[in-house]
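# Notes for the structure review
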Amino acid sequence: MVQLSAMMNTNINLMLIKLHELNRMGWRLNLPYVPRSDFLRNVKLEG
């Protein structure tokens, strides 16, 4: 997951939220953990 999010230049938590949504839609993904819902408070802007 970390490598995939780095390749896509996105936050790991955003990717996990999307993948959890795909699980709810019927996909069977084995995800490492559930991201905290308040992770956006800790995101630092680049540049």
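Here, the structure is the one placed above.
Residues numbered from 1 in each chain as written. Predicted model: local features only at pLDDT ≥ 70, side-chain atom pairs only at ≥ 80, totals over all residues. Heavy atoms only, no water.

### Let's talk about unusual backbone geometry
Peptide bonds are trans in most cases, and residues, glycine excluded, mostly fall at negative phi. Defined as follows: Strands here are runs of E lasting at least two residues and helices are runs of H or I lasting at least four, both read from the DSSP assignment and numbered beginning at the N terminus.
One non-glycine residue, Asn9, lies in positive phi territory at about 55°. Relative to the elements of secondary structure, Asn9 occurs in the loop between α1 (2–7) and α2 (12–24).

### Considerations on the pattern of salt bridges
Filter applied, for reference: Salt bridges are defined by distance alone: a side-chain nitrogen of Lys or Arg within 4 Å of a carboxyl oxygen of Asp or Glu. Exposure categories follow from relative accessible area, calculated using a 1.4 Å probe and restricted to protein chains: below 20% of the type maximum is buried, above 50% is exposed, and the middle band is partly exposed.
Under the defined criterion, the tally for this structure stands at one salt bridge. Between Arg24 and Glu21 there is a salt bridge whose closest N-O contact spans 2.8 Å. Separated by three residues within a single helix, Arg24 and Glu21 lie in helix α2, roughly one turn from each other. On the basis of relative accessible area, Arg24 is assigned to the exposed category, the value being 63%. Its relative accessible area of 32% is what places Glu21 among the partly exposed residues.

### Here we look at the nonpolar core
What counts here: The criterion is simple. A nonpolar core is a set of buried Ala, Val, Leu, Ile, Met, Phe, Trp, Tyr and Cys residues joined through side-chain atoms within 4.5 Å. Contact definition: two residues touch when any of their heavy atoms are within 4.5 Å.
Counting six residues, the largest nonpolar core consists of Ile12, Met15, Leu16, Leu19, Leu22 and Leu31. Discounting residues that sit within four places of it in the chain, Leu22 has contacts with Trp27 and Leu29.

### Focus: a nonpolar patch on the surface
Cut-off, in case you're wondering: The patch calculation keeps residues exceeding 30% relative accessible area without a salt bridge and links them within 9 Å when they carry like charges or within 5 Å when they are nonpolar (Val, Leu, Ile, Met, Phe, Trp, Tyr). Reported accessibility uses the Shrake-Rupley method at a 1.4 Å probe radius. Residues are deemed covered only where the shown protein chains occlude them.
A contiguous nonpolar surface patch, about 350 Å² in accessible area, is contributed by Leu4, Met7 and Met8. Looking at the element boundaries, Met8 is found in the loop between α1 and α2. Of the residues examined, Met8 reaches a relative accessible area of 53% and is grouped as exposed.

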